[in-house]
Amino acid sequence: MTASLPDTAGSIAGRFDTVRLLADVGGTNARFALETAPGRFEAVQVLGCADHATLGDAIRTYLALPSVAAFGQVRHAAIAIANPVDGDQVRMTNHHWQFSIEALRQEAGFDILLVVNDFYALARSLPHLGGGDKVQVGGGAPRAGAPLGLLGAGTGLGVSGLIPCGDSWDALRSEGGHVSFAPVNELELAILQYAWREFEHVSFERFLSGAGVELIYRALAHHHGQPVEALGAPEISRRALAGECALSSQVLDVFCGMLGTVAGNLAVTLGAQGGVYIGGGIVPRLGERFAASSFRSRFERKGRFSAYLAQVPTYVITAEYPAFLGVSAILAEKLSA
């Protein structure tokens, strides 16, 4: 796998004397790759988080793979993780892994180990995405030099943004997925009231995530007086996309509408006239169903600011492993300092 080069790749190319470990760790899967040259990612593997007791175990499993070990010793690593990173101790929100960054560095034998929030890393990847790495869904042309917004639903709801800073960019370390959910119609109010039975605080992440798809399904079944099947988010989405279940189809409609609202909120909050990008594990799999959904109309539905938002482009990130671009750039900056 070869991708766009980080901003600093040219300045450090001569110092690229060892392969680097890059990882994107979510609540469900941990994705690993070796960067063997600036912007060249090889030996990509996806390991299930539930299959490993700790992140250190997952790293050891990856490094022991014959296809990985053949590249030799890894001295530098950068990990994007679905969790706030503030200091040395990391405790995942949507998984049981917890660790000390310094202890993990020593355990793995790395000279340098960087650990950053996954959406901070994904935000850093946005300037490096090529035309084939994203699909525009509505809006006009991006305004040069304007902030970019980023959000994505998967195991949780990640939120970030990219702010222009001189000749470079500064990514936001945001936990915006945990802002309080606000319904925009009576159906969403009924869904919120159902969710209040389970949660004291209902954030946008409670709905815009894998578990959120399941919560919307239960809430709509209750609202319509229908029996609730024990369905996981992948099966709900499959039934909806296959046209097999009207209730599942409504779940996706509601999900996309809610996502449009929070994306529009992010756009006006950041002034993201450079565009709002949608990542995560759910939306890219919806394909044309997402483009035909209420997402874009809900994105623009901001009363007096509807005309403002109509000009802001929205993009679905379709690159398979975009976070690698971000952690590559972050690690390159550290090594060139």
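For the structure, check the block above.
Quick caveat: nothing in here was measured; it's all calculated off a predicted structure.

In total, this model carries nine aromatic pairs according to the counting rule given. For the ring pair phenylalanine 181 and phenylalanine 204, a centre distance of 5.0 Å and an interplane angle of 70 degrees mean the geometry is edge-to-face. You can see phenylalanine 181 sitting in the loop between strand E11 (168-171) and helix H6 (186-195) and its partner phenylalanine 204 sitting in the loop between H6 and helix H7 (210-224), a full 23 residues away along the chain. Considered together, phenylalanine 181 and phenylalanine 204 belong to a single accessibility category, that of buried residues. One aromatic cluster in this structure is built from Phe41, Tyr321 and Phe324. A cation over a ring is seen here: arginine 173 above tyrosine 120, with NZ or CZ 4.2 Å from the ring centre. Positioned above the aromatic ring of phenylalanine 199 is the side chain of arginine 206, whose terminal nitrogen or guanidinium carbon lies 3.8 Å from the ring centre.

Once that is clear, we can look at helix H5 (residues 118-125). Of all eight residues that make up H5, eight are buried, and the element is covered over most of its length. A distance of 2.9 Å separates the backbone nitrogen of phenylalanine 119 from a side-chain oxygen at the start of H5, and that oxygen is part of asparagine 117.

Although it is not a glycine, alanine 43 adopts a positive phi angle of roughly 55 degrees. Assignment of secondary structure puts alanine 43 in strand E3 (residues 40-48). In this structure alanine 43 comes out as partly exposed when scored by relative accessible area, which is 21%.

Conventions and cut-offs
- As a convention, each chain's residues are numbered from 1 in the sequence order in which they are written.
- Thresholds applied to this predicted model are a pLDDT of at least 70 for local features of residues and 80 or more for the giving and counting of side-chain atom pairs; totals over whole chains, interfaces and linings are not thresholded and use all residues.
- The basis for every side-chain value is the complete set of non-hydrogen atoms in the structure, without hydrogens or water.
- Only rings of Phe, Tyr and Trp enter the pairing, Trp through its six-membered ring, and a pair is recorded when the two centres are within 6.5 Å. The plane angle decides the type: under 30 degrees is stacked, over 60 is edge-to-face, the rest tilted.
- In this description a helix means any DSSP run of H or I spanning at least four residues, a strand means any run of E spanning at least two, and both kinds are numbered starting from the N terminus.
- Relative accessibility thresholds used throughout: buried, under 20% of the residue-type maximum; exposed, over 50%; partly exposed, between the two (1.4 Å probe, protein chains only).
- Here, a charge over a ring means that NZ of Lys or CZ of Arg falls within 6 Å of the ring centre while also lying within 35 degrees of the ring normal.
- Polar contact criterion, stated in full: a pair of N or O atoms within 3.5 Å, where within protein one must be able to donate a hydrogen and the other to accept it, and residues adjacent in sequence count only if both atoms are side-chain atoms.

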